[in-house]
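Listed here are the chains, written in short residue letters.
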2 protein chains.
Amino acid sequence: MKWEENVRRVIPYVPGEQPNQPDMIKLNTNECPYPPAPGVQAAIEALRPQDLRLYPDPGAETLTRELADYYGVKKEQVFVGVGSDDVLAMAFLTFFNGDRPILFPDVTYSFYDVWAQLYRIPYETCPLDETFHIRPEDYRRPNGGVIFPNPNAPTGIYEPLKVVEEILQANRDVVVIVDEAYIDFGGKCALPLIQKYDNLLVVQTFSKSRAMAGLRVGFAMGSEKLIRYLSDVKFSFNSYTINRPTLALGVEALRDEAYFREITGRIVATRERVKRALRELGFVFPDSMANFIFASHERIPAQQIFQALKERNIYVRHWDRPRIRNFLRITIGTDEEMDILLAFLGEYIRERT
Amino acid sequence: MKWEENVRRVIPYVPGEQPNQPDMIKLNTNECPYPPAPGVQAAIEALRPQDLRLYPDPGAETLTRELADYYGVKKEQVFVGVGSDDVLAMAFLTFFNGDRPILFPDVTYSFYDVWAQLYRIPYETCPLDETFHIRPEDYRRPNGGVIFPNPNAPTGIYEPLKVVEEILQANRDVVVIVDEAYIDFGGKCALPLIQKYDNLLVVQTFSKSRAMAGLRVGFAMGSEKLIRYLSDVKFSFNSYTINRPTLALGVEALRDEAYFREITGRIVATRERVKRALRELGFVFPDSMANFIFASHERIPAQQIFQALKERNIYVRHWDRPRIRNFLRITIGTDEEMDILLAFLGEYIRERT
């Protein structure tokens, strides 16, 4: 059809499998195994149907203010979106608008090249070193912007803030985005650096450490100028993105610090225990600071283990891509879930030795 | 700062005032004066905090299927977004990707030129005739796509489907979007035309007739091909846009047809009564088929009436723009609200005669 000539064609992004079977163990999308803060129940009960007839606050004021207070910044330094994917997509559209290629690691969050293609942003990838670490010197060449996750996905590797700052120092003339979806599992947030670098955007999410993937809340923090540019584009796209239930329930994720520390602490403890157990089973992996482990077995191909786990109703993530096809990304679930995984893997590997 | 050179600059869109005062009468954003369907309360009570830890279904299956059943189309012909603004912004990005200017009326929904500017889409506006009607012959020239609301906003004028089809017949080689945000207040939906025109996208929303502006649900219907292109772009932007509470509460808007007919019928009845009363007070206006009236007074400037109403805590909408600066857009509220408005206007106008 002739009308198709004007259509923007993209390689359709296929989101990870979201199986929904009773008794399955779902370790494939880095969700939190624990429920969100207990205050959410009361917030649900307080929702009134009649309020839904009215538009939500376009500035998402309650949530923005709560985030600003929590992180000790001004509310003009906070931007809220429909998950960090929404925030990042807006940031790509807003900040990566030059002619030079933007830079990100070759092994990284799989949406970066998708957004670049969607918005026709030229990009180049910088290969991680053989231990999957970022080489800061790669980010010294002329570019149109820089983005990387810290900890990186799907490796789980955390780069200390001095590496982040090294990249920032070499990139004062472009926007640098640090995607901190997994920062709450042991890493140090780059937020203090925004006082020194007005071109640094720090992006986080409620989907992992705050147990609210189903609510879709992500946020960015940076200089007031940076946030204003981002908001201008967002308001040119859709004024009312954060709905009323999200505003009401979202704030609860920030109000119960004790609960937050408890669940993130528990996930970290489970992770460290699972690391030891996996090592004993012959797995190798980078030292993850995220809520997942990116593991490869010394003898059995990842694809085979992936299939075997799936048949046992245990879902992990596997990509058939260069450099990482022999790895499985295993989300840290509850201790019970991880025990079932480890027991199965123990038996499965023993049978093949 | 040098990094600002790469920033996409847009003229920031300013959403309409959302005042929030006790006792105010809010007739400025075309919200529904009645609460959403009674089933929403039960859906709220059924929300379980622990489900929020999991991502929502990226395909928004439950809602998509409910819409498909309701409108008698396949689910592959339905696309759901975060309000119709999200759907329309995605549609602009997907379908208006050619070099020729897209066409829309000069007096219309104020977001069209904002999206065109955001995505650098060339556009030309076609002046409505002196009675604010669309002139279908204006849409016969070469273009990159066509969009118009039916009924139009902020005029409220509905064009019969033969006018819509006349525009479609002249535009087989581009995508034509009919924005039907206000269709449920007396107009006839263009949906049957999608069988004949695979380039027709019909967009609707839950924000007006379904009393759920606060939930952010919009949707598009069209040929499977059209919807697939739109979905491909959407999945390249953000896989998980519709959150779990929205999926759970949204379906309720479609399940209670009797309630839907009752509230839309009541709004239409109130509108017709208010038309008669406004006419007696010396107002003139196009014959609205929407949930608002776009009225001008024969003697008193709109800006003055707007201010007087505001001081009385009654909010309507006024734009200081060519052709429409002497008009007020008055949302149809409850009968009680409209009586207060009419009583005030009666007195206000009498004092000035």
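Residues numbered from 1 in each chain as written. Chains lettered and ligands numbered in written order. Predicted model: local features only at pLDDT ≥ 70, side-chain atom pairs only at ≥ 80, totals over all residues. Heavy atoms only, no water.

1. Thoughts on the relation of the copies chain A and chain B
At an RMSD of 0.0 Å, chain A and chain B line up after a rotation of 180 degrees and a shift of 0.0 Å along the axis. The two molecules are tied by a two-fold rotation axis, judged by turn and shift. Interface overlap between copies is the fraction of interface residues in one copy that are interface residues in the other; for chain A against chain B it reaches 100%, indicating a shared surface. (Least-squares fit on C-alpha atoms with pLDDT ≥ 70 in both. Contact = heavy atoms within 4.5 Å.)

2. Re the sheet that holds strand β10 (residues 292-297) of chain A
Residues and elements named next belong to chain A. The strand order across the open sheet formed by 3 strands is β9-β10-β12, and the pairing between neighbours is antiparallel. Among the strands making up the open sheet, the edge pair consists of β9 (283-284) and β12 (328-331). Note: β9 against β10, 2 bridges, orientation antiparallel. Opposite phenylalanine 283, over in β10, you have histidine 297 as the bridge partner. Contacting β9, β10 and β12, helix α9 (residues 257-280) crosses the sheet at an angle of about 0 degrees to β10. (Pairing = 2+ DSSP bridges. Helix = DSSP H or I, 4+ residues; strand = E, 2+ residues; numbered from the N terminus. Axes fitted to C-alpha atoms, helices over the stretch in contact; angles between N-to-C directions.)

3. Quick look at the sheet that holds strand β9 (residues 283-284) of chain B
All names here are of chain B. An order of β9-β10-β12 is seen for the 3 strands of this open sheet, with the pairing classed as antiparallel. On the outer flanks of this sheet lie β9 and β12 (328-331), each paired with one strand and no other. Where helix α10 (residues 302-311) meets the sheet, its contacts fall on β9, β10 (292-297) and β12, and the angle it forms with β12 comes to roughly 40 degrees. Docked against the sheet, helix α11 (residues 335-351) engages β9, β10 and β12, running at close to 145 degrees with respect to β12.

4. Here's the deal with the interface of chain A and chain B
Contacts between the two partners involve 85 residues from chain A and, on the opposite side, 85 residues from chain B. For the pair chain A and chain B, the summed buried surface comes to about 7300 Å²; carbon and sulfur atoms form 58% of the total. Counting across the interface, chain A meets chain B through 2 salt bridges. The salt bridge partner of lysine 225 of chain B is glutamate 4 of chain A, with a shortest N-O separation of 3.0 Å. Counting across the interface, chain A meets chain B through 48 residue pairs in polar contact (both at pLDDT 80 or more). Broken down by secondary-structure element, the contributors of at least two residues to the side of chain A that touches chain B are α1 (39-45), α3 (83-95), α4 (112-118), α6 (224-235) and α7 (244-250) of chain A. The dominant element in the side of chain A that touches chain B, judged by the number of residues it contributes, is α3 of chain A, at 7 residues. (Buried area = accessible area lost by both parts, 1.4 Å probe. Salt bridge = Lys/Arg side-chain N within 4 Å of Asp/Glu carboxyl O. Polar contact = N/O pair within 3.5 Å; in protein donor to acceptor, adjacent residues only side chain to side chain.)

5. What about the packing of aromatic side chains?
Residue and element names in this part refer to chain B. Overall, the coordinates contain 42 aromatic pairs over all chains when judged by the stated rule. With centroids separated by 5.6 Å and ring planes inclined at 65 degrees, the aromatic side chains of phenylalanine 104 and tyrosine 112 adopt a geometry described as edge-to-face. Between tyrosine 139 and phenylalanine 148 the ring centres are 6.5 Å apart and the planes differ by 50 degrees, which places this aromatic pair in the tilted class. Under the relative-accessibility criterion, tyrosine 139 is labelled buried at 1%. Classification of phenylalanine 148 as buried rests on a relative accessible area of 1%. (Phe/Tyr/Trp six-rings, centres within 6.5 Å; stacked < 30°, edge-to-face > 60°. Buried < 20%, exposed > 50% of the residue type's maximum accessible area, 1.4 Å probe, protein only.)

6. With respect to helix α2 (residues 61-71) of chain B
All names here are of chain B. Considered for burial, the residues of α2 that qualify are Leu63, Thr64, Leu67, Ala68 and Tyr71. Angular distribution of buried residues about the axis of α2 spans 135 degrees; they occupy a single face of the element. Of the surrounding elements, those touching the buried residues of α2 are β2 (78-81), β7 (200-205), β8 (218-221), α7 (244-250) and α8 (252-255). Of the residues trailing α2, glycine 72 is marked for its positive phi of about 70 degrees. (Arc of directions from axis to C-beta.)

7. Section: the confidence of the model for chain A
This prediction gives chain A a mean pLDDT of 96; 99% of its residues lie at or above 70. Listed scores for the predicted complex are pTM 0.97 and ipTM 0.96. (pLDDT = per-residue confidence, 0-100.)

8. Details of the pairing of strand β6 (residues 176-179) of chain B
Residues and elements named next belong to chain B. Where burial is concerned, the two faces of β6 agree: the one with Val176 and Val178 and the one with Ile177 and Asp179 are both buried. Pairing of strand β5 (residues 146-149) with β6 involves 4 bridges; the strand directions are parallel. Each residue of the ladder has a partner; that of phenylalanine 148, found in β6, is valine 178. In this view, the connection linking β5 to its parallel neighbour β6 by way of helix α5 (residues 161-169) has right-handed handedness. As judged from the 4 bridges shared by β6 and β7, these two strands associate in the parallel manner. Each residue of the ladder has a partner; that of isoleucine 177, found in β7, is leucine 201. (Right-handed = clockwise from strand over helix to strand, strands pointing away.)

9. A few points about unusual backbone geometry
Cis peptide bonds are those with omega within 30 degrees of zero, and the linkage from asparagine 150 of chain A to proline 151 of chain A qualifies with -5 degrees. Mapped onto the fold, proline 151 of chain A is located in the loop between β5 (146-149) and α5 (161-169). Not every positive phi belongs to a glycine, and phenylalanine 132 of chain A is a case in point at roughly 70 degrees. Here phenylalanine 132 of chain A lies in the loop between β4 (123-126) and β5. Non-glycine residue arginine 323 of chain B carries a positive phi angle of around 75 degrees.

10. Describing the state of the cysteines
Under the counting rule described, the total for this entry stands at 0 disulfides over all chains. As a non-bridged cysteine, cysteine 189 of chain A has cysteine 32 of chain A as the owner of its nearest cysteine sulfur, 19 Å distant. (Disulfide = S-S within 2.5 Å.)

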